[in-house]
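Listed below are the residues making up each chain.
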Amino acid sequence: KITREFINGLPKAELHLHLEGTLEPELKLELAKKNGIDIGQTTIEDVRKTYEYDSLASFLNVYYPGMAVLQTEDDFYQLAMAYLKHAKKDGVKHVEMFFDPQAHLTRGIPFDVFINGYYRACIDARAFNVDAHLIMCFLRDMSANYANEVLNMAKPYRNMILGVGLDSDEHHNPPLKFISPFSNAISSGYHTTMHADIDQVDSIDHIKQALEIINVERLDHGTNIVENQDLVDWVNQRNLGLTSCPLSNGFVTNDMKGKEIVELMEQGVKVSINSDDPAYFGGYIADNYEAIAKKYDLTAQQLVIFARNSFETSWISDFQKNTYL
Ligand code: ADE
Ligand code: ZN
C-alpha cells in the first residue's frame, strides 16, 4: 500500500508545470483586489466555480483571462514562489517551469517584468534546496514570426532561460509551423520540448514532425505514441522523455491515461509524472503520483521508476543528475 509519506519522500523532478497554471483562486482574488482589476467574481468560492472545463479549449478560455491579475514583477515573483514552496513539500528537488511570454506581452506587460519576477523566485528557492529553471513557451495559436520576435526579446535574458517549448491550442497548429523559431532556438543553445496533446486528432503526424524534423529533446504529454510501435522504438532509441500529467488528462479527456502511461513505462519509455496546471486541474505533483498509484494499483517500485525517469530526462548536468539518482 502506497502512503502519502512515501510519495512526498520520494525525490522527484517536475518537468511539465505551467507557472501561469499555478494561480490559485486565493491569490487570483488577492492580486485582483491589490491591482484594482475586475475579474467578475468577488469570493474565492465563485472564482473556484469558474475552474471547470471538459476540454483543453474550455480550460484555455478560463486560463488566459485569469492572467490579467498579474501586473508587477512582485506579482510574478509571488506566483512562482507559492508554487516552489508547494513543490518543496511534495519532495521536488529540481523543476523546469514553463512560462508564456506572449500571454503577458499581449496585455502590455514588458518582458523584463515577468522574467525578472520569475527568475528572482528561482534564485530564492535555492535557500530551501529546490533547483528551479525556466522554459519559455511559444503560443502555437499565434504566428511563427511572433515566436521569432519573442526569441529576440529573450536575448538579453539568455542565461535565465534553460529551454523553449510550445503550448496552447494544437488544433491546426502543427509543429512544422514553428520550424524557424525552433531551429533558431537550437542554434542559440536552448534545450527544446513541445506539447503533443492527448486529445489531438492528428497526433501521430504531429509527433513525427516534432521528433523527425524539429528534433525536440522531450515531448510534453505525447503518450499517443503508444498507438505506433515504430515511434515507441524511436523514442526508446533516443532516450527521449515524455512528461505525463494524469490529473490534467482526466480533465481534458475524462481518462487519466494511466493504462497508456504504465504500458509505455514498462516498454522502457522514460515517462515522468507531472502536474501541468495544478491550480486548475485539482492537484500538485504528489497528488498526481497518488492519483495514478491509487487508480491503477501501482507498486512503490513503479513510482520509483517514474521519479528516476524525471531526473534522467531533465536538463541538468550529468554530474548533478548523479547526486539525485
Ligand atoms: N497551456 C497551459 N497548459 C496547457 C496544456 N495542458 N496544453 C496546452 N497548452 C497549455
Ligand atoms: Zn502543459
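See the structure printed just above.
A few points about a nonpolar patch on the surface
Reasoning step 1: Side chains of Leu176, Ile179 and Ile213 sit close together on the surface and give an oily, nonpolar patch of about 230 Å² of accessible area.
Reasoning step 2: Among the structural elements, Ile213 can be located in helix 10 (residues 203-214).
Reasoning step 3: Note on Ile213: relative accessible area 44%, which makes it partly exposed.

Some points on the packing of aromatic side chains
Reasoning step 1: Scanning all chains against the criterion turns up 18 aromatic pairs.
Reasoning step 2: With a centroid separation of 4.3 Å and an interplanar angle of 20 degrees, the aromatic rings of Tyr51 and Tyr280 are classed as stacked. Taken together, the positions of Tyr51 in the loop between helix 3 (44-50) and helix 4 (56-66) and Tyr280 in the loop between strand 8 (270-273) and helix 14 (285-295) put the pair 229 residues apart, joining distant regions of the chain.
Reasoning step 3: Arranged with centres 6.2 Å apart and planes meeting at 55 degrees, the rings of Phe99 and Phe114 form a pair that is tilted. Taken together, the residues Phe99 in strand 2 (residues 92-99) and Phe114 in helix 7 (residues 111-125) connect sequence positions 15 residues apart.
Reasoning step 4: With a relative accessible area of 0%, Phe99 lands in the buried category.
Reasoning step 5: Every member of this aromatic cluster is reached through a ring pair, and the members are Tyr51, Tyr53, Phe59, Tyr63, Tyr64, Phe251, Tyr280 and Phe281.
Reasoning step 6: Across the ring face of Tyr190, the terminal group of Arg158 is positioned such that the distance to the ring centre comes to 3.8 Å.
Reasoning step 7: Stacked on the ring of Trp315, the Lys or Arg Arg218 has its end atom at 3.8 Å from the ring centre.

A look at the pairing of strand 6 (residues 218-221)
Reasoning step 1: Note: strand 5 (residues 191-196) against strand 6, 4 bridges, orientation parallel. Pairing of Ala196 across the sheet is with His221, part of strand 6.
Reasoning step 2: On the question of chirality, the crossover connecting strand 5 to the parallel strand 6 by way of helix 10 is right-handed.
Reasoning step 3: Here strand 6 runs beside strand 7 (residues 241-244); their pairing, made up of 3 bridges, is parallel. Paired with Arg218 across the bridge in strand 7 is Gly241.
Reasoning step 4: After leaving strand 6, the chain enters helix 11 (residues 229-238) and then returns to the sheet as strand 7, a path that is right-handed.

Observations regarding the coordination of the zinc ion (ligand 2)
In a perfect tetrahedron of four donors around a metal, the angles come out at 109.5 degrees. In a perfect octahedron of six, they are 90 or 180 degrees.
Reasoning step 1: Around the zinc ion (ligand 2), the donor atoms from the protein are His16 (NE2), His18 (NE2), His195 (NE2) and Asp276 (OD), and they sit 2.1 to 2.2 Å away.
Reasoning step 2: Coordination at the zinc ion (ligand 2) comes from 4 donor atoms whose angles at the metal span 82 to 174 degrees, giving a geometry best classed as irregular.
Reasoning step 3: Each donor residue of the zinc ion (ligand 2) belongs to the same chain, and together they define the spacing H-x1-H-x176-H-x80-D. Here Asp276 lies in the loop between strand 8 and helix 14 and His18 lies in the loop between strand 1 (12-14) and helix 2 (25-35), a separation of 258 residues in the sequence. For the pair His18 and Asp276, a shared accessibility class is recorded, and that class is buried.

Regarding the nonpolar core
Reasoning step 1: Among the nonpolar cores identified, the biggest contains 103 residues, and Leu84, Met97 and Met136 are the most heavily contacted of them.
Reasoning step 2: Ignoring anything within four residues of it in the chain, the contact list for Met136 reads Phe99, Pro101, Phe111, Val150, Leu151, Ala154, Ile161, Gly163, Val164 and Gly165.
Reasoning step 3: With 5 residues, the next largest nonpolar core counts Phe98, Ile135, Cys137 and Trp315 among its residues.

A short note on the sheet that holds strand 5
Sheet strands pair via backbone hydrogen bonds, and the direction of the pair is either parallel or antiparallel.
Reasoning step 1: Ordered by their spatial adjacency, 8 strands build an open sheet running 1-2-3-4-5-6-7-8, and the pairing between neighbours is parallel. The open sheet has two edge strands, strand 1 and strand 8, and neither has a second partner. Strand-to-strand, the axes of this sheet are offset by a mean angle of 25 degrees, without reference to chain direction.
Reasoning step 2: Looking at chain direction, strand 7 and strand 8 are connected through 4 bridges and run parallel. Within strand 8, the position partnered with Ser244 by the bridge is Ile273.
Reasoning step 3: Against the sheet, helix 7 contacts strand 2 and strand 3 (131-139), and its axis sits at roughly 155 degrees relative to strand 3.
Reasoning step 4: Sheet strands touched by helix 8 (residues 144-153): strand 3 and strand 4 (163-167). Its angle to strand 3, the strand with the most contacts, is close to 145 degrees.

Comments concerning empty space enclosed by the protein
Reasoning step 1: Enumeration over the complete set of coordinates arrives at 1 cavity of 30 Å³ or more.
Reasoning step 2: By volume, the largest cavity amounts to about 170 Å³.
Reasoning step 3: As for the largest cavity, its lining consists of 19 residues, of which Leu56, His195, Asp197, Asp276 and Asp277 are closest to the centre.
Reasoning step 4: Secondary structure elements with two or more residues in the lining of the largest cavity: helix 4 and helix 12 (246-253).
Reasoning step 5: For the lining of the largest cavity, the element with the highest residue contribution is helix 4, accounting for 5 residues.
Reasoning step 6: Taken together, the residues of the lining of the largest cavity sort by class into 7 nonpolar, 6 polar and 6 charged.

Rules of the game
Residues numbered from 1 in each chain as written. Chains lettered and ligands numbered in written order. Predicted model: local features only at pLDDT ≥ 70, side-chain atom pairs only at ≥ 80, totals over all residues. Heavy atoms only, no water. Patch = residues over 30% accessible without salt bridge, like charges linked within 9 Å, V, L, I, M, F, W, Y side chains within 5 Å. Areas by Shrake-Rupley, 256 points an atom, 1.4 Å probe, with all protein chains shown as cover. Salt bridge = Lys/Arg side-chain N within 4 Å of Asp/Glu carboxyl O. Helix = DSSP H or I, 4+ residues; strand = E, 2+ residues; numbered from the N terminus. Buried < 20%, exposed > 50% of the residue type's maximum accessible area, 1.4 Å probe, protein only. Phe/Tyr/Trp six-rings, centres within 6.5 Å; stacked < 30°, edge-to-face > 60°. Lys NZ or Arg CZ within 6 Å of the ring centre and 35° of its normal. Pairing = 2+ DSSP bridges. Right-handed = clockwise from strand over helix to strand, strands pointing away. Donors = N, O, S within 2.8 Å, 3.2 Å for Na, K, Ca; no water. Tetrahedral: all angles 85-135°; square planar, octahedral: opposite > 155°, others 65-115°. Core = buried A, V, L, I, M, F, W, Y, C linked by side-chain atoms within 4.5 Å. Contact = heavy atoms within 4.5 Å. Axes fitted to C-alpha atoms, helices over the stretch in contact; angles between N-to-C directions. 1 Å grid on protein atoms, 1.4 Å probe; cavity = no way out; pocket = protein on both sides within 12 Å on 5 of 7 lines; lining within 4 Å. Points joined across faces, edges and corners; volume = space filled by probe spheres on them. Nonpolar A, V, L, I, M, F, W, Y, C, P; charged D, E, K, R; others polar.

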